[in-house]
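Close look at the chain arrangement
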Amino acid sequence: MSSESRPDEQALHMREKAEELEREAQRSTDPAERQRLTDKALHIRQRLEELHGPESATTDPM
C-alpha cells in the first residue's frame, strides 16, 4: 500500500461512514436520534472537506 493511496482510503472510509449514519437517520423513528445521527454525519462530512477538499465530501461526480 503506497502512502499516496492512504488519504484516498481514509476519505472513502469517512464518506462511507457518513452515508451509513444518514441511512440510519432515515430509518430512525425517534426525532432526537434522527437529529443526532444527521449531526454526526454532517460533522464527518465537514471534517472530510477540511482534510481532503470540498469534492471529497460527496460521491456526486459534479
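For the structure, check the block above.
As a starting point, this report considers the structure included with it. The residue numbers shown here count from 1 along each chain, following its written sequence. Thresholds applied to this predicted model are a pLDDT of at least 70 for local features of residues and 80 or more for the giving and counting of side-chain atom pairs; totals over whole chains, interfaces and linings are not thresholded and use all residues. Only hydrogens and water are set aside when side-chain values are computed; all heavy atoms of the structure are taken into account.

1. Comments concerning the nonpolar core
Note on soluble globular proteins: their nonpolar side chains tend to be buried together. A11, M14, A18, L21, A25, L37, A41, I44 and L48 together form the largest nonpolar core, which totals nine residues. For the purposes of this entry, the term helix denotes a DSSP run of H or I that reaches at least four residues, the term strand denotes a run of E that reaches at least two, and both are numbered from the N terminus. Among the elements of the structure, α1 (5-27) and α2 (31-52) are those that each provide at least two residues to this core. In terms of residue count, the dominant contributor to this core is α1 (five residues). When neighbours within four sequence positions are excluded, A11 is seen to be in contact with L48 and H52. Throughout, nonpolar core names a set of buried Ala, Val, Leu, Ile, Met, Phe, Trp, Tyr and Cys residues whose side chains join them through atoms within 4.5 Å. For the exposure calls, accessible area comes from a 1.4 Å probe over protein chains only, and a residue counts as buried if that area is under 20% of its type's maximum, exposed if over 50%, partly exposed in between. Here, two residues are considered to be in contact whenever any of their heavy atoms come within 4.5 Å of each other.

2. Some thoughts on the pattern of salt bridges
We define a salt bridge as a side-chain nitrogen of Lys or Arg found within 4 Å of a carboxyl oxygen belonging to Asp or Glu. Under the criterion given, the structure shown has five salt bridges. The salt bridge partner of E20 is K17, with a shortest N-O separation of 3.9 Å. With a gap of three residues between them, E20 and K17 both fall in helix α1, about one helical turn apart. On the basis of relative accessibility, which here comes to 31%, the residue K17 falls in the partly exposed class.

3. So, the side chain of R45
Here R45 is to be found in helix α2. Residue classification places R45 among the buried positions, given a relative accessible area of 16%. Definition of a polar contact: a pair of N or O atoms within 3.5 Å, with one able to donate and the other able to accept a hydrogen when the atoms are protein atoms, and with sequence-neighbouring residues admitted only if both atoms are side-chain atoms. Reaching out from R45, the side chain makes a polar contact with the side chain of E22 at a distance of 3.0 Å.

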